[in-house]
Amino acid sequence: MATTVDENFARIKEIVCEILEFEEDEVTAEGLFSEEYGADSLRAIEILGSLEREFGVVIDQTELVRMKNLQGVYDVVAETAGWAKQ
């Protein structure tokens, strides 16, 4: 059974919110992790590692610069995992 974009995005949001210690309704797709949610580089590495484990991918740390908000995280994971654009 194929996973939809919405399901993947929801799972990514769940992981990110858990690590940043925010409720899911407090975090938007465009909200900047460091500026709006106080995330530091250690949290970014923790997010990256959790996503790698969850989705079975290896994300190059150079992609962290793109992973500044939920949409950026989704885009990096989708590209790395080879999810088809829908």
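For the structure itself, look to the data block above.
Residues numbered from 1 in each chain as written. Predicted model: local features only at pLDDT ≥ 70, side-chain atom pairs only at ≥ 80, totals over all residues. Heavy atoms only, no water.

## Quick word on the pattern of salt bridges
And then number 1: One pass over the structure, following the stated rule, counts five salt bridges.
And then number 2: Put simply, arginine 11 and glutamate 54 hold a salt bridge, and the shortest N to O gap is 3.1 Å. Highlighted residues: arginine 11 in helix H1 (residues 5–20) and glutamate 54 in helix H3 (residues 41–55), separated in sequence by 43 residues.
And then number 3: On the accessibility criterion, glutamate 54 (37% relative accessible area) is partly exposed.
And then number 4: Each of Arg11, Glu14 and Glu54 takes part in salt bridges that share partners, so that together they form one network. (Salt bridge = Lys/Arg side-chain N within 4 Å of Asp/Glu carboxyl O. Helix = DSSP H or I, 4+ residues; strand = E, 2+ residues; numbered from the N terminus. Buried < 20%, exposed > 50% of the residue type's maximum accessible area, 1.4 Å probe, protein only.)

## Digging into the nonpolar core
And then number 1: Among the nonpolar cores identified, the biggest contains 25 residues, and Ile12, Phe33, Leu51 and Ile59 are the most heavily contacted of them.
And then number 2: Listing elements by their share of this core, those giving two or more residues are H1, helix H2 (33–37), H3 and helix H4 (70–81).
And then number 3: Sorting elements by how many residues they give to this core places H1 first, with seven residues.
And then number 4: In contact with isoleucine 12, not counting residues within four places along its chain, are Leu51, Phe55, Leu70, Val73, Tyr74, Val77 and Trp83. (Core = buried A, V, L, I, M, F, W, Y, C linked by side-chain atoms within 4.5 Å. Contact = heavy atoms within 4.5 Å.)

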